[in-house]
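# Examination of the molecular architecture
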Amino acid sequence: MTDQYTVLVVDDEKVLRDGCTLVLQPEGYRVLTAANGQEALDQLAAEPVNVVLCDLKMPVMGALEVLEQTSVRYPGIPVIIMTGLGTVADAVECMKKGAYDFVTKPFSIDHLCLVVKRALEKQLLEQQTRQLQEEQARNLYNLAMEQSRMHTIVNCMADGVLVTNQDGEVVLCNSTLMQLLGVKAPPPHPGPMQAYVGDRDFQVAIESLLTGGNRSEARFIAQELCQNRIHLRALSAPFSGPDNQVLGTVTVFHDVTHFKELDEMKNDFVRMVSHELRSPLAAIKQQHAVILDGLAGDLTGKQRELLTRAHAKIQGLLDLINDLLDVTKMEAGYGQLEQAPLDLRETLGEVVELLRERASSQKVTLKLEAPDGLPLIRADRRSMDEVFSNLVSNAINYSPDGGEVRIAAVSRGDYLEVVVQDQGIGIEAEEIAKIFDKFYRVKSPKTRQVIGTGLGLALVKGLIEAHRGSVDVESEVGKGTAFRVKLPTVGAAKGVDAGK
Amino acid sequence: MSGKYILIVDDDPDLVETVSMMLESKGFEVGKAYDGIEGEEAIKKRRPDVLILDVMMPRKNGYQLCKELKSNKWTQEIPVILLTAVGEAVPTTSYSHADGMSVEAEDFIPKPVDAATLVEAVQRLL
């Protein structure tokens, strides 16, 4: 039996030892006996004991001495003193020394059993209490470990981490970020954002995440910012409590300075090569033109045909180089973009006018729908020119004879939406994801005739995103394609400012 | 157009040759120079009725020469057409136009030069 309790009976009188044994064994206890204190201590050392019943006065070693030893060596084992009536005072002395209880001889069987049982219960309770205390201590230790581990992890991260509370104040900024941002001493917690990140756009982004804004939009904001000549890519996301209320934001900053430098070098290289290629090509094209104009003598029909085709190829190369230069210009930074309030209706009108001739030569009609009173957008005029020239001339190129290209601008509250819709050959679903990639061109027998560089749409997307807009595309093969451009209005930008 | 003297200044001899063929075919008399300094000397020797000026040139670039001519009362009346490669990617030329105007050139033609455009621009300035 595993939960059988062991009682050690210590008495110099054999009658009493035997009596106790007779009483306790039927109750399910294992009973050990000892004739004096010394024997008792030997027994205790030899095997586990739950309760000790100990006579007060014994030869060799009495109860007082036993108690002195057990209270030190076996504090968990309750000791019950057996005493005659005349020595109750001594028994009380024993209690002071740490005995659990005492019984006066002669005692009844019931009384003895009750006292032993209570002693065991007390022992059990003490054990449980001890276990609970140990567990609690362990938990507290783990918690402290977990906190310091989190702290260590966050601080050792190679990326910067910044956490704000509901009011947009900084409550955590790891040491990597302090270094990246050039923050010397930690400002008080929670500290104002201004003391950490000076970038206005970043502050606006955090505010918009905190105020919730448009819930259907992706719930994180990616940005690039530059502080102390260090370029950082910042990914910010809100975190919410159980009731979906936004409690703060977490932003991870990644140092992309090195990439920026490489990118700059790449752009410089592309720029240099493009310029070097363009001049001789321009000269070759001009020489072709002079020959084709008959200024260098008469041409046979075949010569003219071949030269005309070469001429078109050269033009294609020149277009490619020009697009490359535009892309590098675009990637070199949008800081140079001059963003002024712009009436997009005028720009669209100019683009349509410029392309109308080309459209009609390809038997395509252009239809512009731009109502009066469209809100102004904050944009770079030349960029918008480029965006819509690209989209409309694409639409013309891929339209069938007699097709119509519809350009429609609509106000949608915070942003202006422009749809460029054609009735052309459409784009296969698997191509759609790739059409904004640089140098990507849809290859099919139907598009072979269309000359292009594969940079136009990359440019469109880059420029629109630089204006905090978005462009997406819907297309049905054989039916047509619609490009949907969304650009924030001047009012929307002001709204964010006013929220501060 | 006989008797009208057009000076073309460009560091690329191929360009100079083709541009002069375009103009000579229309009966213009054409002078040639191959950088800004040579251009300056050619103007001193014979005053052109129209000056066609490349922008990127060694020794003295087109913008510089144009500015100097326009700030000198003896030469400021000479009409200048600037040839440049800037800004031909888009159908509008407003961007490049603005750059040309800031040095007070009378007109601007993107490279490569289209014969009809060139002749029209020259005739308009005579």
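Up top is the structure.
Across the boundary between the two partners, chain A contributes 20 residues, which contact 19 residues of chain B. At the level of secondary structure, the elements contributing two or more residues to the side of chain A that touches chain B comprise α8 (257–292), α9 (301–331) and α11 (381–397) of chain A. Counting residues per element, the side of chain A that touches chain B draws most heavily on α8 of chain A, at nine residues.

Turning to the sheet that holds strand β10 (residues 246–255) of chain A, a few remarks are in order. Residue and element names in this part refer to chain A. Ordered by their spatial adjacency, five strands build an open sheet running β7-β6-β10-β9-β8, and the pairing between neighbours is antiparallel. Edge positions in the sheet fall to β7 (170–173) and β8 (221–227), since each of these pairs with one other strand and no more. For this sheet, the mean angle separating the axes of adjacent strands, direction not counted, is 25°. As paired elements, β8 and strand β9 (residues 230–240) share seven bridges and run antiparallel to each other. The partner of Ile221 across the bridge, within β9, is Ser236.

Moving on to the sheet that holds strand β2 (residues 29–33) of chain B. Residues and elements named next belong to chain B. On the basis of which strands lie adjacent, the open sheet formed by five strands has the order β2-β1-β3-β4-β5 and parallel pairing. Both outer strands of the open sheet, β2 and β5 (107–110), are each paired with one neighbouring strand and no more. The sheet shows a mean angle of 20° between the axes of neighbouring strands, direction not considered. As paired strands, strand β4 (residues 80–84) and β5 are joined by four bridges and run parallel to one another. Looking at the pairing, Ile81 lines up with Asp107 of β5. Against the sheet, helix α2 (residues 36–45) contacts β1 (5–9) and β2, and its axis sits at roughly 140° relative to β2.

This next bit is on the nonpolar core. Core analysis: the biggest nonpolar cluster contains 80 residues, and Val392 and Val405 of chain A together with Val19, Ile52, Leu53, Ile81 and Leu82 of chain B have the highest contact counts within it. Looking at which element gives the most residues to this core, the answer is α11 of chain A, with seven residues. Each of two domains, domain 3 (260–332) and domain 4 (337–497) of chain A, supplies a minimum of three residues to this core. Residue contacts for Val405 of chain A: discarding those within four places in its chain leaves Ala359, Val364, Leu366, Lys367, Val392, Ala395, Ile396, Ser399, Val420 and Asp422 of chain A. In terms of nonpolar packing, the next biggest core, distinct from the first, is built from 32 residues, Ala40, Val79, Ile80 and Ala99 of chain A among them.

Rules and cut-offs
Per chain, the residues get numbers from 1 upward, laid out in the order the sequence is written. As a convention, the first chain written is A and the first ligand written is 1, with the rest following in written order. Only residues with pLDDT of 70 or above have their local features reported here, since the model is predicted, and side-chain atom pairs are shown and tallied only from 80 upward, although totals for entire chains, interfaces and linings are computed over all residues. By definition, residue pairs are in contact when their C-beta atoms, positioned from the backbone, come within 7 Å. In this description a helix means any DSSP run of H or I spanning at least four residues, a strand means any run of E spanning at least two, and both kinds are numbered starting from the N terminus. Pairing between strands is defined by DSSP: at least two bridges between them are needed. All axes here are fitted lines through C-alpha atoms, helices being fitted over the stretch that makes contact, and every angle between N-to-C directions spans 0 to 180 degrees. Here, a nonpolar core means buried Ala, Val, Leu, Ile, Met, Phe, Trp, Tyr and Cys residues linked by C-beta atoms lying within 7 Å of one another. For the exposure call, what matters is how many other C-beta atoms sit within 10 Å of a residue's own: 20 or more marks it buried, 12 or fewer exposed, and in between partly exposed, using C-beta atoms placed from the backbone. An automatic or database domain assignment supplies the start and end points of every domain.

Keep in mind that these numbers describe shape and distance, not what the molecule does.
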